[in-house]
Amino acid sequence: MNKEIKFRRLGTMLDFSRNATMNMKTIKKWIDTTSDMGYNALYLYLEDTYEVDGNPYFGYLRGGYSKAELKEIDDYAYERGMEVIPCIQTLGHLPKLKRWPVYKSIMDTDRILMVGEEKVYELIEKMFISLSSCLRTKTYHIGMDEAWDLGRGKYMNKNGYTDPTEMLMSHLDRVSQIGKKYDLEMIMWSDMFFRLAAGGEYYAKKVNINVDIAKQIPENIQLCYWDYYHSYKSFFDKMISAHEKLKKGTSFAGGLWCWKGFAPNNKFSVMSTKSAIKSCLENGIQDVFFTMWGDDGSECSKFALLPSLFYAAEVSKGNFSLPDIKKKFKEKYGIAFDRFCALDVIIKDVDYTEQTYFTEIFGDNPEKYLLYNDCFSGMFDLTLTGAENEQYKQLFRKLNLLKNNKEYGYIFETVANLCDVLSIKAQLGANTRRIYNSGDKQALLPLIADYKKTVKKLEKFYNSFRRQWYIENKGYGFDVQDIRIGGLIMRMKDCAARLQDLYDGKIDRIEELDEQLLDNYFSMNDKFTATTGWRTSWSDTVTRSVISDNLFG
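Described below are features of the structure shown in this document. Given the structure is predicted, the values throughout are model-derived calculations rather than measurements.

Before going further, it helps to spend a moment on the environment of Leu445. Here Leu445 lies in helix α18 (residues 444-472). Sequence separation of Leu445 and Asp295 is 150 residues, and the distance between their C-alpha atoms is 39 Å.

It is worth spelling out helix α1 (residues 24-37) at this point. Here α1 is 14 residues long and its end C-alpha atoms lie 20 Å apart, about the 20 Å a rise of 1.5 Å per residue gives. Every buried residue of α1 is listed here: Met24, Thr26, Ile27, Trp30, Ile31, Thr33, Thr34, Ser35 and Met37. One or two positions beyond α1, positive phi appears at Gly38, with a value near 125 degrees.

Looking now at the pairing of strand β3 (residues 83-87). The element β3 is largely enclosed, with a buried count of four among its five residues. As judged from the five bridges shared by strand β2 (residues 41-45) and β3, these two strands associate in the parallel manner. The partner of Leu42 across the bridge, within β3, is Val84. One crossover worth recording links β2 to the parallel β3 by way of helix α2 (residues 67-79), and it is right-handed.

This paragraph deals with the nonpolar core. Generally speaking, soluble globular proteins have nonpolar side chains that are buried together. Within the largest apolar cluster, 187 residues are counted, with the highest numbers of intra-cluster contacts made by Leu70, Phe128, Ile142, Phe193, Leu371 and Tyr451. A per-element tally of this core places α18 first, with 10 residues. The contacts of Phe128, once residues within four sequence positions are left out, are Ile88, Tyr140, Ile142, Val175, Ile178, Gly179, Tyr182, Leu184 and Met186.

In this structure the tally under the stated criterion is 43 salt bridges. A salt bridge links Glu314 to Lys317, with the nearest nitrogen and oxygen atoms 3.3 Å apart. Note that Arg491 is salt-bridged to Asp494, the shortest N-O span being 3.3 Å. Placement of the pair is Arg491 and Asp494 together in helix α19 (residues 478-504), with a separation of three residues, close to one helical turn. For Arg491, a relative accessible area of 25% translates into the label partly exposed. For Asp494, a relative accessible area of 34% corresponds to the partly exposed category. Members of the salt-bridge network, linked through shared partners, are Asp374, Arg491, Asp494, Arg498, Glu511 and Glu512.

Conventions used here
Throughout this description, residue numbers start from 1 for each chain and increase along the sequence as written. Where totals are concerned, whole chains, interfaces and linings use all residues; where local detail is concerned, this predicted model gives features only for residues with pLDDT of at least 70, and gives and counts side-chain atom pairs only at 80 or more. Think of the side-chain values as coming from all heavy atoms in the structure, minus any hydrogens and water. Helix and strand assignments come from DSSP, with helices taken as H or I runs of at least 4 residues and strands as E runs of at least 2, each series counted from the N terminus. Multiplying 1.5 Å by the residue count of a helix minus one yields the expected span of that helix. Only protein chains enter the accessibility calculation, which uses a 1.4 Å probe; a residue is then buried when its area is under 20% of its type maximum, exposed when over 50%, and partly exposed in between. Note on pairing: DSSP must find at least two bridges between two strands before they are called paired. Viewed with both strands pointing away, a crossover whose connecting path from the first strand over the helix to the second turns clockwise is right-handed. In these notes, a set of buried Ala, Val, Leu, Ile, Met, Phe, Trp, Tyr and Cys residues joined through side-chain atoms within 4.5 Å is what counts as a nonpolar core. We call two residues in contact whenever any of their non-hydrogen atoms come within 4.5 Å of each other. By salt bridge we mean one thing: a side-chain nitrogen of Lys or Arg within 4 Å of a carboxyl oxygen of Asp or Glu.

Interpretation in functional terms is not warranted from these geometric data alone.
Right, here's the structure in full:
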């Protein structure tokens, strides 16, 4: 244990289940970088991206780690005083398994295992056996979070309605017994217990702790309180207190925001971390780690969170002086803390305070939904303020100055080139609709030229993003980015061609541009504005047409 760190464990959690799995060179670099800061644990989030004996379809074609690779990672980390802890799933969050016929019989819903099915527990035991053969740790994080539709699929068809609390406790007991066979201490996300106690809400203002449930939690299971959304200490205090009433020995997982698109959010990560660590220190929490999710494709480089990583390590040593932290950061990495944070590409200057809640941060960085927002259907055009093109132009200039940084220049180049795309693309759809409705045919020519410029900028962005991906990750998963960005390029070309046809008189209208945009996307009473522009899922953003109806499973 690093003597400066105030916790027994201080770790980072890398999500290797959303397309990007780091290559071996990069994961070793990550271990070197974080251990140098003082971290002594690495949590690997692996849904189906690891080898399980006798299960060739488990993680098939997903770029998962072989047992030999996991052993190599574990050995490398061990030599640097770092413990590698697997974060797996033993209940929900396993939708990829249903792709393969061999696993359909053990799935309750599309993402949840069938509680009570013996084949489920055979698979879980094989998970433990495989991981135990290549990792030294006796601590496993077994997931079990966000299983909202537990027992509502094939389980209900087979057994009728069963109380979800009863199902959860029964399943947890079975997994606990398997863990005991291999002397494992296990951690699970706590939200299911709290949702059951608070009518489906995790961060409830009042949580009634059921003493009977508390007594049923197995002795070798500890709870993990996860919170990536709050920034005020009093809330963390309240939740930690509630957890300790449920089961002593709570661990805490914060969030370093890299899962909203191609850019990070260091600013909010730092604010949230500050309050969370203060609370953990005061409330005697021993184990703390910071999640770095990949959600919709893992576009953002984890190294883009270097300022947040460094800040979290420093406050975990008791150093809450931001000027001192920034000074140390520049001395160590040769670039100013705030200059590095330019990667956040925030176009709405949000002054985060200790009262900021996560709903307030989703409007500050619309880079992903503005990238994929269709220029003809324009569903997100009503979130625009009119200043976006110039704002992204300024961000491009700022980030472009840093692309020659020896260590991390490739990340700055990727985000800079994205901003260069958005310096035209952000308002291109709105401009298209305005010119189309004006009936000014001559204005179509410079508009078509903007489409062609955007295509060239997109190709440049694609090349830099592709370079970033292959520097850091295995090849698996980039096919998704090829489909997304390649599809966007072709869509831009098609829009330009249709505008040209309109100019040439080959067509007399464009149906999508004739349709009036609605500004109450969220509800009939809620206006859709820049402050509510939180959509970061490609499928939610790119089209209202059917991508996949999954009708036949």
